[in-house]
Amino acid sequence: MSVMVVRKKVTRKWEKLPGRNTFCCDGRVMMARQKGIFYLTLFLILGTCTLFFAFECRYLAVQLSPAIPVFAAMLFLFSMATLLRTSFSDPGVIPRALPDEAAFIEMEIEATNGAVPQGQRPPPRIKNFQINNQIVKLKYCYTCKIFRPPRASHCSICDNCVERFDHHCPWVGNCVGKRNYRYFYLFILSLSLLTIYVFAFNIVYVALKSLKIGFLETLKETPGTVLEVLICFFTLWSVVGLTGFHTFLVALNQTTNEDIKGSWTGKNRVQNPYSHGNIVKNCCEVLCGPLPPSVLDRRGILPLEESGSRPPSTQETSSSLLPQSPAPTEHLSPNEMPEDTSTPEEMPPPEPPEPPQEVTEAEK
Amino acid sequence: MATEVHNLQELRRSASLATKVFIQRDYSDGTICQFQTKFPPELDSRIERQLFEETVKTLNSFYAEAEKIGGSSYLEGCLACATAYFIFLCMETHYEKVLKKISRYIQEQNEKIFAPRGLLLTDPVERGMRVIEISIYEDRCSSGSSSSGSSSGSGSSGGGGGAGAR
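Bear in mind that the values here come from a model prediction, so they are computed numbers and not experimental data.

## Points about the overall build of chain B
Then, in step 1: Secondary structure assignment for chain B yields four helices and three strands.
Then, in step 2: Written out in order from the N terminus, the α and β elements of chain B read α-β-α-α-α-β-β.
Then, in step 3: In chain B, which comprises 166 residues, the share counted as buried stands at 51%.
Then, in step 4: In chain B, the share of contacts with a sequence separation of at least 24, taken over all contacts with a separation of at least 6, comes to 65%.
Then, in step 5: Just so you have it, chain B exposes about 8000 Å², and 53% of that area is on carbon and sulfur atoms.

Structure below.
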């Protein structure tokens, strides 16, 4: 036993985090599970830019100006940096409530609503708050066992509550939330500029070269040009449109989630309480405001008795660190859904059967 | 400093955890991090209301300072953007600096005010900034304590107290 303790590597907290995320570089990188489309994004950007630098830039740098590849390189590096930052950072995940806290909240809820008889669906758990003269409802998340802060939402793909949840973007392979929204916005903005730039200079290249050797010859000499123009053309419509949409959201200090749900528009005339009323102020807050650090503490080290006793499983929480809570009421072990309630909006899709989990306070 | 931390560990060894109180967030000012200053009834016999409120208000002011939107935060944001955010590899953000200040403040409060009264504050950052967790300890030596349900005192190191787990 002592040999095992000495040889066992430290277990870091990311290995035990619940939710459907992938972690790389010993917890430094955090992404969603499905990364296929992210690799496609990388491939398209890298591929198109490689072709551009290899063929068109050489000709244009000589014929027109060497500044052309320089600006292209700067745009390319900036968009890659912001893409990687968006994809690899914590979007603002709210850690799940530990059992003590969950029990405390459950007791408070029962005190407010009264105890629910067994077998009946409990009433939806909502708290009302007044923010800037608007009533904002806080919903209770059954998975994370917390009352979600305003503007937070539960991402069913990553199975986490995310602060200021915007949307889950498969192209960057991560959720877009409070902590990485500005990187996401700068990414789509720089990608739009890069696409327009590459598209424009491809046209210029084809035009210049066609004057000398003819259009068909030009295409035969650098067939990559056709590919680049096609990719840029389709990217332009989608990415530039998306940039415009997000510029609109930033100016009004709204999230995609709120826009889709129509939280601040229409019938009730409920105004957005988070907007400063001034476009410049809104932009400054969203893009240049203070950046909160991640509260997940992915690289924290778990104590030895926690790490040595069971095999690491991504579905477990570090709940066994805490002592028994004094009076758990409707006690649910982490990641289990209550059988007799169903709020389809908040619940993650049913998961495949998992191996039996050890839970220290299992009292059902 | 070492002797004061030692005293906190003594507290954990000699006392058993009775219950925990969770101070929730106050969203009346928007999404900024503020905690409710409402005095929980469980602490009624343990600590003076004023001391508790003062602690929470000081914490709230620290968080407000961290999230303040003004000239310096814009400058930091623009500088970071101009360097494609590589500057954060060598520089700490203003928010992180304030969080460290908060950690030190909580440790100080625990040593001076809360531990002598058998209480322990947990840094909200260890609870995802959702709650301020206050652990209430009953002295094992005292008889007739109300801690009927609690058993494990030594396992209470999960309380943390911001004493360097990060």
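Now that the structure has been shown, the text picks up again.
## A few points about the sheet that holds strand 8 (residues 160–162) of chain A
All names here are of chain A.
Then, in step 1: Taking strand neighbours across the sheet as the criterion, the three strands line up as 3-8-7 in an open arrangement whose pairing is antiparallel. The sheet terminates laterally at strand 3 (93–94) and strand 7 (153–155), the two strands that pair on one side only.
Then, in step 2: Taken together, the three bridges between strand 7 and strand 8 define a ladder with antiparallel strand orientation. Paired with Cys 155 across the two strands is Asn 160, which belongs to strand 8.

## Here we look at the interface of chain B and chain A
Then, in step 1: Contact with chain B, which involves 46 residues of that partner, is made by 41 residues of chain A.
Then, in step 2: Here chain B packs against chain A, burying approximately 3500 Å² in sum over the two surfaces, 65% of which is carbon and sulfur.
Then, in step 3: In this assembly, chain B and chain A are joined by two salt bridges.
Then, in step 4: Residue B:Arg130 pairs with A:Glu101 through a salt bridge whose shortest N-O separation is 2.8 Å.
Then, in step 5: The interface formed by chain B and chain A holds five residue pairs in polar contact (both at pLDDT 80 or more) in total.
Then, in step 6: Among the elements of the structure, strand 1 (15–24), helix 3 (71–82) and helix 4 (94–114) of chain B are those that each provide at least two residues to the side of chain B that touches chain A.

## Some thoughts on a nonpolar patch on the surface
Then, in step 1: Together, A:Ile37, A:Leu40, A:Phe43, A:Leu44 and A:Trp171 line one region of the surface with nonpolar side chains, adding up to about 490 Å² of accessible area.
Then, in step 2: Mapping A:Ile37 onto the fold places it in helix 2 (residues 36–63).

## Observations regarding helix 5 (residues 181–213) of chain A
Then, in step 1: Here helix 5 of chain A contains 33 residues, and its C-alpha end-to-end distance of 47 Å stays within 8% of the 48 Å for a straight helix at 1.5 Å per residue.
Then, in step 2: Where helix 5 of chain A ends, the next residue or the one after it, A:Gly214, has phi of about 95°, a positive value.

## Regarding the pattern of salt bridges
Then, in step 1: If you walk through the whole model with that rule in mind, you get 17 salt bridges over all chains.
Then, in step 2: For the salt bridge of A:Arg299 with A:Asp26, the shortest nitrogen-to-oxygen distance reads 3.3 Å. In this pair, A:Arg299 sits in the loop between helix 9 (279–288) and helix 10 (304–309) while A:Asp26 sits in the loop between strand 1 (21–24) and strand 2 (29–32), placing the two residues 273 residues apart along the sequence.
Then, in step 3: Residue classification places A:Asp26 among the partly exposed residues on the basis of a relative accessible area of 34%.
Then, in step 4: We note a salt bridge from B:Lys20 to A:Asp100, for which the minimum N-O separation is 3.0 Å. Placement of B:Lys20 in strand 1 and of A:Asp100 in helix 4 (residues 99–113) is noted, with the two residues assigned to different chains. Grouping residues by exposure puts B:Lys20 and A:Asp100 together as buried.
Then, in step 5: Via salt bridges that share partners, A:Asp100, B:Lys20, B:Arg127 and B:Glu133 belong to a single interconnected network.

## Brief notes about the domain arrangement of chain A
It is common to give the size of an interface as the accessible area that goes away when the parts come together.
Then, in step 1: Split by domain assignment, chain A resolves into domain 1 (11–93 + 166–286) and domain 2 (97–147).
Then, in step 2: Relative placement of domain 1 of chain A and domain 2 of chain A: their C-alpha centres are 39 Å apart.

## Considerations on the UniProt feature "domain: Palmitoyltransferase DHHC" (unreviewed entry) in chain A
Then, in step 1: Cross-referencing UniProt, the feature "domain: Palmitoyltransferase DHHC" (unreviewed entry) maps to residues 137–261 of chain A in the present numbering.
Then, in step 2: Secondary structure content for residues 137–261 of chain A is 60% helix and 15% strand, and the end C-alpha separation is 14 Å.

## Here we look at the side chain of A:Ser153
Residue and element names in this part refer to chain A.
Then, in step 1: By the element assignment, Ser 153 lies in strand 7.
Then, in step 2: The exposure class of Ser 153 is buried, given its relative accessible area of 10%.
Then, in step 3: When sequence neighbours within four positions are dropped, the list of residues in contact with Ser 153 reads Arg 148, Asn 160, Cys 161, Val 162, Phe 165, Asn 257 and Lys 261.

## Details of the confidence of the model for chain B
Residue and element names in this part refer to chain B.
Then, in step 1: In this model, chain B carries an average pLDDT of 79, and 74% of its residues clear a pLDDT of 70 or more.
Then, in step 2: Mean pLDDT per element in chain B: helix 1 (residues 2–14) is the minimum at 58, and helix 2 (residues 49–66) is the maximum at 93.
Then, in step 3: Scored below 50 in pLDDT, residues 143–166 makes 44 contacts in the model with residues more than four places away or belonging to other chains.
Then, in step 4: We note a pTM of 0.78 for the whole complex and an ipTM of 0.76 for its interfaces.

## Comments concerning the packing of helix 9 of chain A against helix 3 of chain B
Then, in step 1: Contact pair helix 9 of chain A / helix 3 of chain B: the axes reach a minimum separation of 9 Å and the direction vectors enclose 60°. Relative to helix 3 of chain B, helix 9 of chain A is oriented oblique. Handedness of the crossing formed by helix 9 of chain A with helix 3 of chain B: left-handed. Along the contact surface, helix 9 of chain A presents A:Cys284, A:Glu285 and A:Cys288, while helix 3 of chain B presents B:Ser73, B:Tyr74, B:Gly77 and B:Cys78.
Then, in step 2: Taken together, the residues of the contact of helix 9 of chain A with helix 3 of chain B sort by class into four nonpolar, two polar and one charged.

Parameters at a glance
- Residues numbered from 1 in each chain as written.
- Chains lettered and ligands numbered in written order.
- Predicted model: local features only at pLDDT ≥ 70, side-chain atom pairs only at ≥ 80, totals over all residues.
- Heavy atoms only, no water.
- Helix = DSSP H or I, 4+ residues; strand = E, 2+ residues; numbered from the N terminus.
- Buried < 20%, exposed > 50% of the residue type's maximum accessible area, 1.4 Å probe, protein only.
- Contact = heavy atoms within 4.5 Å.
- Areas by Shrake-Rupley, 256 points an atom, 1.4 Å probe, with all protein chains shown as cover.
- Pairing = 2+ DSSP bridges.
- Buried area = accessible area lost by both parts, 1.4 Å probe.
- Salt bridge = Lys/Arg side-chain N within 4 Å of Asp/Glu carboxyl O.
- Polar contact = N/O pair within 3.5 Å; in protein donor to acceptor, adjacent residues only side chain to side chain.
- Patch = residues over 30% accessible without salt bridge, like charges linked within 9 Å, V, L, I, M, F, W, Y side chains within 5 Å.
- Expected span 1.5 Å × (residues − 1).
- Domains from an automatic or database assignment.
- UniProt positions renumbered as here; feature names shortened; annotations may be inferred.
- pLDDT = per-residue confidence, 0-100.
- Axes fitted to C-alpha atoms, helices over the stretch in contact; angles between N-to-C directions.
- Parallel < 35°, antiparallel > 145°, perpendicular 65-115°, else oblique.
- Left-handed = near helix turned anticlockwise from the far one by under 90°.
- Nonpolar A, V, L, I, M, F, W, Y, C, P; charged D, E, K, R; others polar.

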